[in-house]
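Spelled out, the chains give:
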Amino acid sequence: MIFVGTMANRFGDFNTEIDNVRIYQSLVAQHGEQSGTDLFNLLNPRYTDNAPTTIPGEDWSSPVPDVLASGRGEVGNASHQGEAAILHGAFAGPVISGMSNCFVLGKNKVKGANAILVNGPQFGWFTPAYVYSFGMHGAGIDVVGNAPFAYPMVMFGHNASIAWGSTWGGGDIVDIFAEELNPADAGQYQYKGSYRDLEHRTETIFVRDAEPIQLDVYRSVHGPVYQFDEPAGIAYARRSWDGREIEQLLSWVHASWASDFEAWKSEADKSSINVNMYFADTEGNIGYMYGGRYPQRAVGHDNRFPASGAGAMDWQGRLAIDFANPHVLNPSSDFIANWNNKPGQGVMNPDHYWYSWSGAHRVENLQNTLAKKIRFTPDEAWAVITSSSHADLLAPYLLPYIDAAARIWAGNDFEGDLQAAKQILQDWNQQSVDANGDGAFDHAATPIFRSFVGNLIEAVLADDLGDLYPQFANPGYGAPDAATGALTGASSNIPVGMKAVIEALGGGGDYDLLNGQSPGLLVTQSLSKALQTLQAEQGDAMTAWRLAAASLSFNTHNFLGIPQTSENLAMSIPIQQNRGTENNMVIMKKDGIIAWEVTPPGQNAFIDPAGNKGAHFDDQLELYSTFGRKRMWFYPQDVEANKRSEEVLYY
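For clarity, every value in this text was computed on a predicted model and none was experimentally measured. (Residues numbered from 1 in each chain as written. Predicted model: local features only at pLDDT ≥ 70, side-chain atom pairs only at ≥ 80, totals over all residues. Heavy atoms only, no water.)

### Describing the overall build of the protein
Quick note on the threshold: Helix and strand assignments come from DSSP, with helices taken as H or I runs of at least 4 residues and strands as E runs of at least 2, each series counted from the N terminus. In this treatment the radius of gyration is a C-alpha quantity, and the globule benchmark scales as 2.2 Å times the residue count to the 0.38 power. Whether a residue is buried, partly exposed or exposed follows from its accessible area with a 1.4 Å probe, protein chains only, as a fraction of its type maximum: under 20%, in between, or over 50%, in that order. Here, residues are in contact when the closest pair of their heavy atoms is within 4.5 Å. Only the protein chains shown count as cover for residues, and all accessible areas are computed by the Shrake-Rupley method using a 1.4 Å probe. The charged-residue count follows a simple rule in which Lys and Arg add positive charge and Asp and Glu add negative charge, with His and chain termini not counted at all. For charged residues, the charge sits on one atom: NZ in Lys, CZ in Arg, CG in Asp, CD in Glu.
Secondary structure assignment for the protein yields 16 helices and 24 strands. Here the protein has a C-alpha radius of gyration of 26 Å; the compact-globule value for 651 residues is 26 Å, and the two agree. C-alpha atoms of the protein, sized along the principal axes, occupy 75 × 75 × 60 Å. Classification of the 651 residues of the protein by burial places 55% in the buried group. Expressed as a percentage of contacts within the protein between residues at least 6 apart in sequence, the contacts between residues at least 24 apart total 70%. Approximately 26500 Å² of the protein is accessible, and the part contributed by carbon and sulfur atoms is 51%. Positive and negative side-chain charges of the protein, numbering 41 and 73 respectively, have mean locations separated by a distance of 7 Å.

In structure tokens:
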């Protein structure tokens, strides 16, 4: 149940179809149907051709799904949306964290090994730790690694022959169906021309020191009902992987017992939720599988909105794995890199208004880093975590516009300041670090660029989005006064709003976010405003400007906001790092496997009645903060040589 409640429902069930309706209707009300639709499609496209993919185009390309063949990006006919236009209640934004990345290097990209797998699964940061390390040796099982708490399998690790990892897949695997309720009996819904009874049961939830809670649970033919819109007479039901949760769990267990790619993939094929899965073996083979059982939607079903539950929009089955699930063994690039990006050409975008695949994506930071270097030693592969953790993801996309804008600065009242700022930005390595530990980023480029980005996103989006602007205003940086952590909603990513801005600067989309202005003028105005603000705050010495660094907090509440330890045990590290909740590296060699990991804040959350913490309560916090790592002992002689204690269990 822990696996189902976290991996399936929490991390595999992001869905914003109802919020999408609110956004779409607001845009249409502001701009009219055509312009509102064009703007919505720019913010939340159904399909994009220009998004970077994990599998190179020459290794995988599927045709665009039939449901899109007659007009990509068109909002579905309102008659198919189950009258979902009548919505009530507050706008519900997501609570997300930084999400995961992984890269795998093949035998032609490594030195001193046959393959290297580096994973950074992102679940958020908590105390006690969300993941724990363990090995299982016996009864035909021989694996080591780590997993989220209470999972009965090593989710990130290796056995004697192969290594594996995973990241969130992002694919749209869940649909919302709007069930029209019987006006005379709210316990019935219309389906295929007649009314059916909603399945119903009552669960009793016992609460300590309080009265039990009676929870009514309903279900339609499309799945469990998770929300009622009583004024509209609609019940919203989710259609998903329902009923395949245990198959999903067991497939991951059995995949960790495999000894080659075919055996591993045969289990990965059984994945029902949207997850990217990675493979390496001691021979130097590397592989990738985009997991999930994706629906064949009916013609006219726009997956970004709730579909009518009356029957015409029912799923037509599941798409074949060879068609819908990009996979590859030994890609032509000699590496695999993913940061929750599009897996391969032909895959539809997520439906989430807060996450999309477009021409700008953080995975290019990893892909460019890996492509530039011919071969990586294990130490060099681990160092990629440091560079990607502190990289400014927007700089590669926006700095060229500042360089180009310099052509129109002649005679500008702020030309000297603009040129000085441009030089500072050109000299910047696009890393925001605090090497001297003074609590501020070391380079003046960071406050200049981040202030510029904030002004730019406001200049481009605020007038077009109106009241919706706050939902898209985040440029993707953690604020110094709001530490980035598991529950803040801040994500070191390229948010949807910024992706739309970058698309607009490059002339993409059917809606003119620039309002006829040139990119150079908007960039100049945004940079000038940033310089004026910083001068007023920090004086004229531009090279001395600094920005306080945002910390990264380990939350005392779980991802549902439920307390899991006392507030005085809250922890943090001084500066935000855009990386996994844990990081691990598996070095595949012909004669054996060497693996490393860091799982902060510590392996053991035990505190005795006197308040004394266990020895390993937070002993990996500093290791994590400094990008250190510890060995994962696998072979019997290593386990025996490095064990600290032994417990004998009697049965």
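### Section: the nonpolar core
Put simply, the rule is: Among the buried residues, those of types Ala, Val, Leu, Ile, Met, Phe, Trp, Tyr and Cys that are joined through side-chain atoms within 4.5 Å form a nonpolar core.
Ranked by internal contacts, the top residues of the largest apolar core, which has 156 residues, are Trp264, Leu398, Ile448, Phe449 and Phe452. It is helix H11 (residues 445-465) that contributes the most residues to this core, ten residues altogether. Apart from the residues within four sequence positions on either side, Ile448 is in contact with Ala421, Ile424, Leu425, Leu527, Ala530, Leu531, Leu534, Met542 and Trp545. Grouped together as the second largest cluster of nonpolar side chains are seven residues, Tyr191, Leu198, Val225 and Ala235 included.

### Observations concerning the sheet that holds strand E24 (residues 630-632)
Applied cut-off: Only strands that DSSP links by at least two bridges are regarded as paired with each other. Helix axes use the C-alpha atoms of the stretch in contact, all axes being lines fitted to C-alpha atoms, and the angles between their N-to-C directions lie in the range 0 to 180 degrees.
The six strands are arranged E18-E1-E2-E22-E23-E24 in an open sheet whose pairing can be described as antiparallel. At either end of the open sheet lies a strand with only one pairing partner, and these are strand E18 (335-338) and E24. Averaged over all pairs of adjacent strands, the angle between strand axes in this sheet comes to 15 degrees, irrespective of strand direction. As defined by bridge partners, strand E22 (residues 583-589) adjoins strand E23 (residues 592-598) across seven bridges and the pair is classed as antiparallel. Note that in E23 the partner of Lys589 across the bridge is Gly592. Contacts between helix H7 (residues 363-372) and the sheet are confined to strand E1 (101-105) and E18, with E18 contributing the most and set at about 160 degrees to the helix. Against the sheet, helix H8 (residues 378-390) touches E1, strand E2 (115-120), E22 and E23, its axis set at about 160 degrees to E22.

### Points about the packing of helix H9 (residues 395-405) against helix H10 (residues 415-427)
Heads up, the condition is: In this scheme the handedness of a crossing depends on how the near helix is turned from the far one: anticlockwise by less than a right angle means left-handed, clockwise means right-handed. Polarity classes work like this: nonpolar for Ala, Val, Leu, Ile, Met, Phe, Trp, Tyr, Cys and Pro, charged for Asp, Glu, Lys and Arg, and polar for all others, with Gly in that last group.
Remark: H9 packs on H10, axes separated minimally by 11 Å, with the N-to-C direction vectors making an angle of 145 degrees. Considering the relative orientation of H9 and H10, their crossing is left-handed. Only Lys422, Leu425 and Gln426 of H10 make contact with H9, whose side of the interface consists of Leu399, Ile402 and Asp403. Split into classes, the residues belonging to the contact of H9 with H10 amount to three nonpolar, one polar and two charged.

### Some points on the sheet that holds strand E14 (residues 275-281)
The sheet built from seven strands is open, its strands ordered E3-E4-E5-E6-E14-E15-E17 with antiparallel pairing. At either margin of the open sheet sits one strand with a lone partner, and together these are strand E3 (131-138) and strand E17 (327-329). Here the average twist between neighbouring strands, direction ignored, is 15 degrees. Summarising the sheet, strand E4 (residues 141-148) and strand E5 (residues 156-158) pair through three bridges and their orientation is antiparallel. Note on E5: the bridge partner recorded for Gly145 is Gly157.

### As for the confidence of the model for the protein
Quick note on the threshold: Confidence scores per residue from the predictor, reported as pLDDT, run from 0 to 100.
Per-residue confidence for the protein gives a mean pLDDT of 90; residues scoring 70 or more make up 92%. Residue range residues 69-90 is modelled with pLDDT below 50. Its contacts to residues more than four positions away, or to other chains, number 54 contacts. Across residues 486-491 the pLDDT falls below 50, and counting only partners more than four positions away or on other chains, this stretch makes 22 contacts in the model.

### Details of the environment of Leu329
Residue position: Leu329 is located in strand E17. Judged by relative accessible area, which is 37%, Leu329 ranks as partly exposed. In sequence terms Leu329 and Phe279 are 50 residues apart; their C-alpha atoms lie 8.8 Å from each other. Once you skip the residues sitting within four places of it in the chain, Leu329 turns out to touch Phe261, Asn285, Ile286 and Gly287.

### Considering the packing of H10 against H11
Quick reminder of the rule: Relative orientations are named as follows: roughly parallel for angles under 35 degrees, roughly antiparallel for angles over 145 degrees, roughly perpendicular for angles from 65 to 115 degrees, and oblique for any other angle.
H11 packs onto H10 with a crossing angle of 110 degrees between their chain directions and a minimal axis gap of 9 Å. Put simply, H10 runs roughly perpendicular to H11. In this structure, H10 crosses over H11, and the sense of that crossing is left-handed. Mapping the contact onto sequence places Ala421, Ile424 and Leu425 in H10 and Ala445, Ile448 and Phe449 in H11. Taken together, the residues that form the contact of H10 with H11 break down as six nonpolar, no polar and no charged.

### As for the pairing of E22
Consecutive residues of a regular strand have side chains that alternate between opposite faces of the sheet. Among the seven residues in E22, six count as buried, and that is most of the element. In this sheet, E22 lies alongside E2 in antiparallel orientation, the contact comprising five bridges. Bridge pairing in E22 links Leu117 to Val586. The loop that links E22 with its antiparallel partner E23 comprises two residues.

### Regarding the pattern of salt bridges
Our working rule: Whenever Lys or Arg places a side-chain nitrogen within 4 Å of a carboxyl oxygen from Asp or Glu, that contact is recorded as a salt bridge.
In the structure shown here, the tally under the stated rule is 16 salt bridges. Its salt-bridge partner being Arg297, residue Asp172 comes within 3.3 Å of it at the nearest N-O pair. Residue Asp172 is found in the loop between strand E6 (162-168) and strand E7 (175-182), and its partner Arg297 is found in the loop between strand E15 (286-290) and strand E16 (307-308); the two are separated by 125 residues along the sequence. Looking at Asp172, the relative accessible area reads 6%, which means it is buried.

### Thoughts on the pairing of E14
Judged by how many residues are buried, E14 sits mostly within the fold: seven of seven residues are covered. The alternating pattern of E14 places Val275, Met277, Phe279 and Asp281 on one face and Asn276, Tyr278 and Ala280 on the opposite face, and all of these are buried. Sheet topology places E6 next to E14; seven bridges connect them, and they run antiparallel. Looking at the pairing, Thr167 lines up with Asn276 of E14. Where E14 and E15 come together, five bridges link them in antiparallel fashion. By the bridge assignment for E15, Phe279 is matched with Gly287. Linkage of E14 to E15, two consecutive antiparallel strands, is achieved through a turn of four residues, within which Gly284 is found at a positive phi near 100 degrees.

### So, the packing of aromatic side chains
For clarity, the cut-off: Side-chain rings of Phe, Tyr and Trp (the six-membered ring for Trp) are treated as a pair once their centres are within 6.5 Å; stacked means planes under 30 degrees apart, edge-to-face means over 60, and tilted covers the remaining angles. Cation placement over rings: the criterion is NZ of Lys or CZ of Arg within 6 Å of the ring centroid and within 35° of the ring normal.
A complete count under the given rule lists 24 aromatic pairs for this structure. Relative to Phe40, the ring of Tyr24 has its centre 5.6 Å away and its plane inclined at 75 degrees; by these criteria the two rings are edge-to-face. Highlighted residues: Tyr24 in helix H2 (residues 17-31) and Phe40 in helix H3 (residues 33-43), separated in sequence by 16 residues. Note on Phe126 and Tyr130: the rings are 5.5 Å apart at their centroids and 35 degrees apart in plane angle, and the pair reads as tilted. Comparing Phe126 with Tyr130, the two get one shared label, buried. Following the ring pairs from residue to residue traces out a cluster consisting of Phe123, Phe126, Tyr130, Phe149 and Phe156. Across from the ring centre of Tyr47, 4.1 Å away, lies the NZ or CZ of Lys342, which sits over that ring. Sitting over the face of the ring of Trp596, Arg629 holds its NZ or CZ atom 4.6 Å from the ring centroid.

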